[in-house]
Amino acid sequence: MPETAPLWTSAEIEAATGGSLSGVPFAVSGITYNSREIVPGELFVALRGARDGHDFAAAAFAAGAAGALTERPVDGGPAVVVEGDTLKALEALGVAARDRAPHVRRGAVTGSVGKTSVTQAIKAGLDLAGPAHASIRSYNNHIGVPLTLARMPRGVARAVFEIGMNAPGEIAPLSRMVRPHAACVTTVGPVHIEAFANGEAGVAAEKASIFEGLVDGGAAVLNGDVAYAVVLDAAARKAGARPVVFGTSAGSDARLIDFRPNGEGARVKAELFGKPLDFPLAQSGFHWGMNSLCVLLMLDALDVPLDTALTALAGF
């Protein structure tokens, strides 16, 4: 697929969402739902929230939007008009982006802390291995995940998605949307604990639900040092996934042996599938000892060579 190919044509958007074209056919190079962030040539998705995105369609077209995804015809430019909710249409577009590129190896990241930094460290490794795609900022919710999927270029080889939650039942549907080949839980802690009647155990179960979206036989990368590691492992096995563990205990697939901060970051001694490793990090915080092992296991599951993964970590 040549680099000049559009991200989406209006005909493809129609086919993916079940919508109908209002106005002239168009093609887009990107997607946003924020009219203030429009880059010329992008698709503007008119979402309903605290404000109705349809009210900003004219501004989006004035800023250079090539087309819109709406629930009704709008002034200023062409649109694919869908029946019902544009958020559902965005989800359908994300799934279509996933399904039109079955060759793409996909990863997903969740956890009480460290999601964004681990996602970006994985992306650094994916970038060195070939064309890649990832969540930006903290686009990890019911809007951010389908938006990131729908933005996935046709020609990438690998992609990684951050998945977050504010309440029970949010992670599994987003993971099923991504259908990752590898998914990780960085750690489990008392974050958003007020939303769960059973406290941190409920948080662990919600985080573990990321494994429900894995493709058959996918890698479930989990932190073996957290108190609820058994919950993560049981969820992975129930989902038919292949548990892969990072931690400090003997028998971990990726085992942290020593972490030594220095003037340039840190030095890590570890074992990966029984093989001794000694590698530098640009990060000096102790939590990056465990994070680095999580990243290495995810990159391994996404078919990134070890040397490439270590180079990425050294520069991240």
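Structure first, text after, so check above.
Just so we're clear, the structure is a prediction, and the values are computed from it rather than from any experiment. (Residues numbered from 1 in each chain as written. Predicted model: local features only at pLDDT ≥ 70, side-chain atom pairs only at ≥ 80, totals over all residues. Heavy atoms only, no water.)

1. Side note on the side chain of Thr148
So, point 1. Along the polypeptide, Thr148 turns up in helix α5 (residues 144-150).
So, point 2. Beyond its immediate sequence surroundings of up to four residues, Thr148 is in contact with His133, Ala134, Ser135, Tyr139 and Phe161. (Helix = DSSP H or I, 4+ residues; strand = E, 2+ residues; numbered from the N terminus. Contact = heavy atoms within 4.5 Å.)

2. Some remarks on the packing of helix α4 (residues 115-129) against helix α10 (residues 306-315)
So, point 1. Contact geometry for α4 and α10: axes closest at 8 Å, N-to-C directions at 130°. Overall, the two elements α4 and α10 adopt an arrangement that is oblique. The element α4 and its partner α10 pack so that their crossing is right-handed. Contacts from Ala124, Gly125, Leu128 and Ala129 of α4 reach α10 at Thr308, Thr311 and Ala312.
So, point 2. Of the residues contributing to the contact of α4 with α10, the split by class is 4 nonpolar, 3 polar and no charged. (Axes fitted to C-alpha atoms, helices over the stretch in contact; angles between N-to-C directions. Parallel < 35°, antiparallel > 145°, perpendicular 65-115°, else oblique. Left-handed = near helix turned anticlockwise from the far one by under 90°. Nonpolar A, V, L, I, M, F, W, Y, C, P; charged D, E, K, R; others polar.)

3. Let's talk about the environment of Phe44
So, point 1. Within the secondary structure, Phe44 sits in strand β5 (residues 42-45).
So, point 2. Residues Phe44 and Asn34, spaced 10 residues apart in sequence, show a C-alpha to C-alpha distance of 7.4 Å.

4. A word on the sheet that holds strand β9 (residues 132-134)
So, point 1. The strand order across the open sheet formed by 9 strands is β9-β10-β8-β11-β12-β13-β14-β15-β16, and the pairing between neighbours is mixed. This sheet does not close on itself; its edge strands, each paired only once, are β9 and β16 (275-281). Across this sheet, the average inter-strand angle for adjacent strands is 20°, counted without regard to direction.
So, point 2. Along the sheet face, α4 touches β8 (105-110), β9 and β10 (158-162) and points at about 175° away from the line of β10. (Pairing = 2+ DSSP bridges.)

5. Re the nonpolar core
So, point 1. Core analysis: the biggest nonpolar cluster contains 39 residues, and Ile122, Leu126, Val221, Phe246, Phe279, Leu293 and Leu296 have the highest contact counts within it.
So, point 2. Top contributing element to this core by residue count: helix α9 (residues 287-301), with 10 residues.
So, point 3. Setting aside anything within four residues of it in sequence, one finds Leu126 in contact with Ala132, Arg158, Ala159, Val160, Leu299, Leu302 and Val304.
So, point 4. Counting residues in each nonpolar core, the second largest holds 32 residues, with Val156, Phe161, Phe211 and Val245 among its members. (Core = buried A, V, L, I, M, F, W, Y, C linked by side-chain atoms within 4.5 Å. Buried < 20%, exposed > 50% of the residue type's maximum accessible area, 1.4 Å probe, protein only.)

6. Focus on the pairing of β5
So, point 1. Neither face of β5 is left uncovered, since the one carrying Glu42 and Phe44 and the one carrying Leu43 and Val45 both have all their residues buried.
So, point 2. Relative to β5, strand β4 (residues 30-32) runs parallel, the two sharing 3 bridges. Residue Gly30 lies in a different strand from β5, and its bridge partner there is Glu42.
So, point 3. Taken together, the 3 bridges between β5 and strand β6 (residues 67-70) define a ladder with parallel strand orientation. Opposite Leu43, over in β6, you have Gly67 as the bridge partner.
So, point 4. Since β5 and β6 lie parallel, the crossover through helix α2 (residues 57-62) that links them has a hand, and here it is right-handed. (Right-handed = clockwise from strand over helix to strand, strands pointing away.)

7. Looking at α9
Note that an α-helix has 3.6 residues per turn; residues three or four places apart therefore point the same way.
So, point 1. For α9, which comprises 15 residues, the first-to-last C-alpha distance of 22 Å matches the rise-based estimate of 21 Å (1.5 Å per residue) to within 8%.
So, point 2. Taken across its 15 residues, α9 has 13 buried, putting it largely inside the fold.
So, point 3. Remark: Asp303 follows α9 within two positions and exhibits a positive phi of approximately 65°. (Expected span 1.5 Å × (residues − 1).)

8. Some details on unusual backbone geometry
So, point 1. In this structure, Arg137 takes a positive phi of about 50° despite not being glycine.
So, point 2. Position of Arg137 among the secondary structure elements: in the loop between β9 and α5.
So, point 3. According to the relative accessible area criterion, Arg137 is exposed, its value standing at 52%.
So, point 4. In the Ramachandran plot, Asp303 falls in the positive-phi region, its phi being about 65° despite a non-glycine side chain.
So, point 5. Inspection of the secondary structure assignment puts Asp303 in the loop between α9 and α10.

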